[in-house]
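The chain contents come next:
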Amino acid sequence: MFPTQLMIIRRSKKGTVKSLFLNEENDNYTSSVIELFRSSVGKSRGEIEESIKELELKSQNPKIVRAVSLLLFRMSKMEPPSRLDPLKVREKIFSYVRVPPVSPESREEILRRIADDLETTPEDVIRGMYADKESEQILVSIQEIEPKKLMKRFNMEQVETVMLKAVRMMIVPGNNFGRIIRLIRRYGLLYTDDGKAIFVSGPMSLDENVDRYGLSFSLLVRSLMKMEGWSAEVTVLLKNNEGKKEYIYILDHSFSEYLNTDEPEEQIPAGFLLSNDPVKLENKTVYPDYEITLDNRKINIIITRPRYYEDDLSVVKGCRKNGLNLEIFCILFNKEKCPSGAICFKDNIDWYRMKEYLITKYEKKNFEDQRNLNFKERELDEEMRKKIILHLQNLYPDTQAMLDYLDFMGLEPVKILNEAGFNVRWKGLRLIIEKYH
Amino acid sequence: MKITFSRGTIIVDQIDGKKPEFLSYDERIKAYRAPAFRYYELKKIYNEAEDTVFEDKILDINHNETLRSYQKKAIEFWKNNEFRGVVVLPTAAGKTHIGMDAITKIKSTTLIIAPTIELIQQWRDRLERVLKIKVGQIGGGEKDIRDITVSTYDSAYLMAEDLGNKFKFLLVDEVHHLASERFIEIAKMFASPYRMGLTATYERVDMLHEKLEEVMGGKVFELGYEEISDYISNYHIIRIPVDLEQEEEEEYEKNRSIFVSYLRRHRITMRGPWDFEKFILSSWNPEGREALIAWRRAREIAFNARVKVDTVRYVLSKHRNEKTLIFSEDTSTAYLISKEFLIPCITYLTPGPERKKYLEMFRSGDITVLATSRVLDEGIDVPDASIGIVLSGSGSTRQFRQRLGRLLRPSEGKNSILYEIVAKGTSEYGTSKRRRKGVPDSINDN
């Protein structure tokens, strides 16, 4: 996404906006900026910024130059101008200089002493003083990219930048109803639908036009661009001469031709399926994310985020009361805490553990036979088996070490731990190992 | 009837009787919803409803600080306004003391919001020292949430959906920022029934401060410099006009004329920040771009005139060993001064721990001069800083008053001086005149 000031749109009198896209007809923008970067290897970011300003003056649309340059900066390798650690240099200087030198001679003298301490020259000390500042970084190389691909990236980011200003959205989902609903939920937005169209907004959007959900709308559109047969009418809030005004921004699946949609599709392991069927309750329709069939029973899965866990859990409980198999898991990012009682995964779904949990819960009796995870159990002779059991007993009560050892040996833990005299049970996603009494 | 908090809003599952106007039926969740700040009004109407919004918590906190008479009065007025409202006092009048006293009056979970990392760190240090409790921090790379927590405006904005029901008391420092289009959402998305705003400069040119009435409880107490002159340091403002070098002057004139002719051709008159915003919006074409670059270049020349550095040299040698703050409008000047005089500089680019360290060094006297761009304009408390040098700045009176305020913390026999170094024959002269409007050149100068 670009900063808002680099959003390039055409406004119509009817109150609609369109993004300006780059194509073969205006590829001079991308090629001239690529050329500028190629010829700027060895220069500082500050110097390159100055050259970009010159190029802007020669261009019909300076915003395009600025935006394409931003993309190239992101793809560039930059290095600091000095080998000195700038933090250490500053620490050294400021701990030395209590009262600042006002004559050039005393300044030189101080710099010379510090340079001696750091085994370098006074010029290098000054160069290294703010070597971590962005504008001082030196361009080392740029990632090779075809102008056409760069144009598509530019176009995609233009769309996302407009979406940052979105306040609500109406989507005609085509055949993607369930998938789109799941995405809306995943990005923390709210919706209603009339069977044909989905009306999306955020919690605070009821009384006010707020653009604080723009990032969620933007991510939603990024995902939509990988689907076929949908269209959308987005209400965006943009500044004009009289303040902020609502505009209509139209999007549909055909835009993907001009956009970079290179991001890989979600990989789902064998056994799991993207859920296509909504679960209907008395007055509510729930759209699970995935499903799996175990022991001829379909289990629906909802993936949620800590913020929505409580709300989603109440839906799950409602479904369970109606005899539906619905499970809920939570994804955590950064340092987010797992909500109390939830089963959480860090950053991505751990399919292996999820399946193991589901098998334990839904197929307790046939646990060993039904496992269809990505490894086969090793064949063990009797002597080896005894050695392993003995080692496990020695490791106890360090249960993590026991699990690490079994993992290292490529062994399925429950069976061998049972044999070794341990009781194994699941608490959330944790395997609890206790000695039989 | 049940009242709950959900992502910056209050949800009421059903309504008995007439529906309050601010509550809307939300088809998406089949319940009633209102922005969280309406909780205070909802509680008055539905006092008997089942309420899961806040966890009740009483904190055992007290302080031994003595309040000045006007500070006590401010607290009294705020209490009488149902523990809501904004207190307007000049810089150095001890707003923090009022805030701390308010916290001990409420004795509940409190979030203190301030615009910069320096300010939240300052609040945190002071609260820990005075209340003798561990204070949490959100912002500046930290996310440590406790019963009493400090946060930057940015972090509070980003986390309002999650934090909106965690703090019963919202204490907002430099509250004039809260009125901005973006930050007003903080006030709306927090359910906190008790609120206090602190500022020296309540009124905004864009009049957005009027919005604070609804979300903070309006202005409840105000005093000016004249009324508290016994409690602030003596000061003088000295303007030092400097001549541009001939080469700089020519370059300045050339760029200024490109800019002015563009304005004339497009009939743009510069009467205020809005007109400038219009100019920026119109400048995304080659001609406009040239005018914008010329404006920047002319400004740069006026701000960074070579002779200004020599003038700083003169002022520093005149006030050797006195604690001095050097203010500039842009970061590049701050770095230039830092390199020239080998002094630390604090800009928005300086990482949190380094900022904290430099301020501690400055307070303890390990360094005597600190350069900064706009980040230290507000709130930072360095009691013994007595010299200020404004190398460049905007035309905003608020910024000027705030910068002056850095020097006004009283201490024994202190006489502060704020120097303004202004390039002669440039638009900077007019800017300086604008920002000084209504600010007396000296105080307590009998």
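All of these numbers come straight from a predicted model, not from anything done at the bench.

Q: I would appreciate a short explanation of the overall build of chain A in the present structure.
A: If you tally the helices and strands in chain A, you get 15 helices and 18 strands. The C-alpha atoms of chain A give 29 Å as radius of gyration, which overshoots the globular expectation for 437 residues (22 Å, by more than 25%). Taking the principal axes of its C-alpha atoms as reference, chain A extends roughly 85 × 70 × 40 Å. Partitioning the contacts of chain A with sequence separation of at least 6, the portion at a separation of at least 24 is 64%.

Q: What am I meant to see in the overall build of chain B here?
A: Across its full length, chain B carries 15 helices and 20 strands. Taking 22 Å as the expected radius of gyration for a compact globule of 446 residues, we find that chain B reaches 24 Å, a close match to that expectation. Each principal axis of the C-alpha atoms in chain B carries an extent, and together these give about 80 × 55 × 40 Å. For chain B, the proportion of contacts with a sequence separation of at least 24, taken over those separated by at least 6, is 76%.

Q: How should I be thinking about the sheet that holds strand S15 (residues 326–332) of chain A in this particular structure?
A: Paired through their backbone hydrogen bonds, the strands of a sheet run either parallel or antiparallel. All names here are of chain A. Pairing within the open sheet is mixed, and its 5 strands lie in the order S10-S13-S14-S15-S16. The sheet is open, and its two borders are formed by strand S10 (272–274) and strand S16 (344–346), each paired with just one other strand. Going from strand to strand, the sheet's axes swing by 30 degrees on average, the running direction of each strand aside. In this structure, S10 lies alongside strand S13 (residues 290–294), joined through 3 bridges in antiparallel fashion.

Q: I tried to follow the packing of helix H2 (residues 45–58) of chain A against helix H10 (residues 286–303) of chain B on my own but got confused; where do I start?
A: Axes are the key here: two packed helices are described by the angle between their axes and the distance separating the axes. Packing of H2 of chain A against H10 of chain B brings their axes to within 8 Å, and their N-to-C directions diverge by 145 degrees. For the pair formed by H2 of chain A and H10 of chain B, the contact residues are Lys53, Glu56 and Leu57 of chain A on the first element and Pro286, Arg289, Glu290 and Ile293 of chain B on the second. Here the contact of H2 of chain A with H10 of chain B is built from residues that sort into 3 nonpolar, no polar and 4 charged.

Q: Where do I start with the environment of valine 150 of chain B in this structure?
A: Residues and elements named next belong to chain B. With respect to the secondary-structure elements, valine 150 resides in strand S10 (residues 148–152). Expressed as a C-alpha distance, the spacing of valine 150 and tryptophan 123, which sit 27 residues apart in the sequence, is 7.2 Å. Ignoring anything within four residues of it in the chain, the contact list for valine 150 reads Ile112, Ala114, Ile120, Trp123, Arg124, Val135 and Gln137.

Q: For this particular structure, what's the right way to read the domain arrangement of chain B?
A: Residues and elements named next belong to chain B. In terms of domain boundaries, chain B breaks down into domain 1 (2–37), domain 2 (69–229), domain 3 (233–244 + 305–441) and domain 4 (246–303). Placing the centre of domain 2 and that of domain 3 at their C-alpha centroids yields a distance of 26 Å. If you look at the interface, domain 2 gives 17 residues, while domain 3 gives 16 residues. Per-element accounting of the side of domain 2 that touches domain 3 gives the leading share, 5 residues, to helix H4 (residues 117–131). Of the residues contributing to the side of domain 2 that touches domain 3, the split by class is 7 nonpolar, 7 polar and 3 charged.

Q: Help me understand the interface of chain A and chain B, please; the structure alone is not making it clear to me.
A: A common way to state how big an interface is: give the accessible area lost once the parts meet. Across the boundary between the two partners, chain A contributes 33 residues, which contact 38 residues of chain B. Only H2, helix H3 (62–74), helix H4 (86–96), helix H5 (104–117), helix H6 (122–129) and strand S6 (190–193) of chain A provide two or more residues apiece to the side of chain A that touches chain B. Of the residues contributing to the side of chain A that touches chain B, the split by class is 19 nonpolar, 4 polar and 10 charged.

Q: When you look at the pairing of strand S2 (residues 9–12) of chain B in this model, what are you seeing that I'm missing?
A: Working note: regular strand, side chains alternate between the two faces of the sheet. Residue and element names in this part refer to chain B. Of the two faces of S2, both are covered, the one formed by Thr9 and Ile11 as well as the one formed by Ile10 and Val12. In this sheet, S2 lies alongside strand S1 (residues 2–6) in antiparallel orientation, the contact comprising 4 bridges. Paired with phenylalanine 5 across the strands is isoleucine 10, a residue of S2. The hairpin formed by S1 and S2 contains 2 residues between the paired strands, and arginine 7 there has a positive phi angle of roughly 45 degrees. Sheet analysis places S2 next to strand S4 (residues 31–35), joined by 4 bridges and oriented antiparallel. Counted as the bridge partner of isoleucine 10 is alanine 34 from S4.

Q: I would appreciate a short explanation of the domain arrangement of chain A in the present structure.
A: All names here are of chain A. Under the domain assignment, chain A is made up of domain 1 (4–80 + 136–151), domain 2 (86–131), domain 3 (164–258), domain 4 (272–368) and domain 5 (375–435). Relative placement of domain 1 and domain 3: their C-alpha centres are 28 Å apart. Contacts between domain 1 and domain 3 engage 7 residues on the former and 8 residues on the latter. The class makeup of the residues in the side of domain 1 that touches domain 3 is 2 nonpolar, 4 polar and 1 charged.

Q: What's the story with the packing of helix H2 (residues 69–80) of chain B against helix H3 (residues 95–106) of chain B in this structure? I'm lost.
A: Residue and element names in this part refer to chain B. At a minimum axis separation of 10 Å, H2 and H3 run at an interaxial angle of 45 degrees. Between H2 and H3, the angle falls in the class oblique. Read as a crossing pair, H2 and H3 show a hand that is right-handed. The residues of H3 that touch H2, namely those facing Gln71, Ala74, Ile75, Trp78 and Lys79, are His97, Ile98, Asp101, Ala102 and Lys105.

Q: Would you explain unusual backbone geometry in this entry?
A: Trans peptide bonds make up the majority, and among non-glycine residues the majority have a negative phi. All names here are of chain B. Of note in this structure, arginine 7 is not a glycine but carries a positive phi near 45 degrees. Counting through the fold element by element, arginine 7 comes out in the loop between S1 and S2. The class of arginine 7 is buried, set by 20 C-beta atoms lying within 10 Å. Backbone geometry places glutamate 82, a non-glycine residue, at a positive phi of 60 degrees. On the secondary structure map, glutamate 82 appears in the loop between H2 and strand S6 (84–88).

Q: Quick question: what am I supposed to make of the pairing of strand S17 (residues 369–372) of chain B here?
A: Residues and elements named next belong to chain B. The alternating pattern of S17 places Val369 and Ala371 on one face and Leu370 and Thr372 on the opposite face, and all of these are buried. Here strand S15 (residues 324–327) pairs with S17 via 4 bridges, running parallel. Each residue of the ladder has a partner; that of leucine 325, found in S17, is leucine 370. Viewed along the sheet, the connection from strand S16 (residues 345–346) through helix H13 (residues 352–364) into S17 turns out right-handed.

Q: Looking at this structure, how should I read the nonpolar core?
A: Most often, soluble globular proteins have nonpolar side chains that are buried together. Formed by 200 residues in total, the largest nonpolar core has its most connected members in Ile10, Val87, Ile186 and Ile389 of chain B. For this core, the element with the highest residue contribution is H10 of chain B, accounting for 8 residues. Setting aside residues up to four positions removed in sequence, isoleucine 389 of chain B forms contacts with Val312, Val315, Thr324, Ile326, Phe327, Tyr419 and Ile421 of chain B. The next biggest cluster of nonpolar side chains, apart from the first, holds 10 residues, and it includes Leu406, Leu417, Ala420 and Phe422 of chain A.

Rules used throughout
Residues numbered from 1 in each chain as written. Chains lettered and ligands numbered in written order. Predicted model: local features only at pLDDT ≥ 70, side-chain atom pairs only at ≥ 80, totals over all residues. Helix = DSSP H or I, 4+ residues; strand = E, 2+ residues; numbered from the N terminus. Rg over C-alpha atoms; globule rule 2.2 N^0.38 Å. Contact = placed C-beta atoms within 7 Å. Pairing = 2+ DSSP bridges. Axes fitted to C-alpha atoms, helices over the stretch in contact; angles between N-to-C directions. Nonpolar A, V, L, I, M, F, W, Y, C, P; charged D, E, K, R; others polar. Domains from an automatic or database assignment. Buried ≥ 20, exposed ≤ 12 C-beta atoms within 10 Å, placed from the backbone. Parallel < 35°, antiparallel > 145°, perpendicular 65-115°, else oblique. Left-handed = near helix turned anticlockwise from the far one by under 90°. Right-handed = clockwise from strand over helix to strand, strands pointing away. Core = buried A, V, L, I, M, F, W, Y, C linked by C-beta atoms within 7 Å.

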